[in-house]
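Topology and contacts: notes
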Amino acid sequence: AVGMLERRAIEESAAVVTVADELLDEIRTRYSVNGRALVFPNYALRRGLPRLVAFTEHRNGTPPRLVYQGTLSTNGGHYDLRKLFATIARQGIELHVYPARRVVGYDALPGVHLHDTLTPSALLRALPSYDLGWAGFNADLNASHLDTALPNKAFEYLGCGLPVLTLRHRALSRFLEETGLGVTLDAAEDLGRVLDTIDLPKLRHRVAAARFEFTFESRIGKLLDLYDAVA
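First, a word on what this report is: a plain description of the structure on this page. (Residues numbered from 1 in each chain as written. Predicted model: local features only at pLDDT ≥ 70, side-chain atom pairs only at ≥ 80, totals over all residues. Heavy atoms only, no water.)

What about the overall build of the protein?
Inclusion rule: Helical segments are the DSSP runs of H or I of at least four residues, strand segments are the runs of E of at least two, and each set is numbered from the N terminus. With a 1.4 Å probe rolled over the protein chains alone, any residue whose accessible area is under 20% of its type maximum counts as buried; one over 50% counts as exposed, and the rest are partly exposed. The contact definition used throughout considers only heavy atoms, calling two residues in contact when any of these lie within 4.5 Å.
In terms of helices and strands, the protein carries 11 helices and 8 strands. In terms of overall dimensions, the protein has C-alpha extents of about 55 × 35 × 35 Å along its principal axes. Taken over 231 residues, the protein has a buried fraction of 48%. The contacts of the protein with a sequence gap of at least 6 include a subset with a gap of at least 24, amounting to 64%.

In structure tokens:
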């Protein structure tokens, strides 16, 4: 029944909006997209973004401080990040975690700084004090989903001036490679070595200059044009 409803929603609609090209490709392998199609990711809201700290003057990123914000779990799914976090911490990298809600099992990880859950506005104000945002997930169970996802946290990191670090999740890796606003790792074990090779101040300047390009307000024209075309 769910599959039939999904087919009708896609094949009988005037337009389909997805968050990534990879997801649109996946939809087209299953269904006939007869209407218009638009890729419109989960951009951050520009009006909610904070002012950036003067990172070049007051922090040179050595050693860099890494931050993760969002959902955590312990169920083996893509948000079960305990092994990834432990791998990062073992390399001596300072990792700060702001969970969407407290989950038992993360406060015991050595070297991981677990913070209280913040309101969305307070969280965005906190993020610019870090150097890079982590958006790498556990692909043991849901690799195909991760390959088609452009997580909203990536755009929140960029909006707060943070380059994005991820693993080989196809959609996000492709986006970062095309824009030059982050780094894709083959494995979390490579993080320390990769951080030694990148010019972090230069990368952060690039993100700061581009951060308003990937906001809802800057891209809303495309969505409005779609509605104008089909209304």
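Considerations on the sheet that holds strand β6 (residues 132-134)
We apply this condition: When DSSP finds two or more bridges between a pair of strands, those strands are recorded as paired. To get an axis, fit a line to the C-alpha atoms, keeping to the stretch in contact for a helix; angles then go from 0 to 180 degrees between the N-to-C directions.
With respect to topology, 6 strands assemble into an open sheet ordered β5-β4-β3-β6-β7-β8, the strand pairing being parallel. At either end of the open sheet lies a strand with only one pairing partner, and these are β5 (112-114) and β8 (182-184). This sheet shows a mean twist of 25° between the axes of neighbouring strands, independent of strand direction. Bridge count for strand β4 (residues 94-99) against β5 is 3 bridges, and the pairing is parallel. Paired with V97 across the bridge in β5 is L114.

A closer look at the pattern of salt bridges
Filter applied, for reference: A carboxyl oxygen of Asp or Glu within 4 Å of a side-chain nitrogen of Lys or Arg is what we treat as a salt bridge.
What the rule picks out here adds up to 14 salt bridges. E94 serves as the salt-bridge partner of R65, at 3.7 Å between the closest nitrogen and oxygen. Of the two residues, R65 is situated in strand β3 (residues 65-70) and E94 in strand β4; the sequence distance between them amounts to 29 residues. Residue R65 is classed as buried on the basis of its relative accessible area of 18%. The partly exposed category is assigned to E94, whose relative accessible area is 28%. In this structure, the salt-bridge partner of E177 is R168, at a minimum N-O distance of 3.3 Å. What makes R168 partly exposed here is its relative accessible area of 48%. Three or more residues are tied together by salt bridges with common partners; here these are D21, E22, R174 and E178.

Thoughts on the packing of aromatic side chains
Convention followed: Note on aromatic pairs: the rings of Phe, Tyr and Trp (six-membered ring only in Trp) are paired at centre separations within 6.5 Å, and the planes decide the class, stacked below 30 degrees, edge-to-face beyond 60, tilted for the rest. Whether a charge sits over a ring comes down to the Lys NZ or Arg CZ being within 6 Å of the ring centre and within 35 degrees of the ring normal.
In total, this model carries 9 aromatic pairs according to the counting rule given. Between F85 and Y106, the ring centres sit 6.1 Å apart and the planes meet at 70°, which makes this aromatic pair edge-to-face. A residue pair is termed long-range when its members are at least 10 positions apart, and F85 in helix α4 (residues 82-90) and Y106 in the loop between β4 and β5 qualify at 21 residues. Residue F85 shares its accessibility class with Y106, and that shared class is buried. Clustering of aromatic rings is evident, with ring pairs tying together F40, Y43, F155, F175, F214 and F216. The ring centre of F212 lies 3.7 Å from the NZ or CZ of R46, which sits over that ring.

A short note on the pairing of β4
Short version of the rule: Seen with its strands pointing away from the viewer, a crossover is right-handed when the path leading from the first strand over the helix to the second is clockwise.
Of all the 6 residues making up β4, 5 are buried; the element is thus mostly covered by neighbouring parts of the structure. Across 6 bridges, β3 lies against β4 in parallel orientation. In the sheet register, R65 faces β4, and the bridge partner there is E94. Assessed by its sense of winding, the connection that carries the chain from β3 through α4 to β4 is right-handed.

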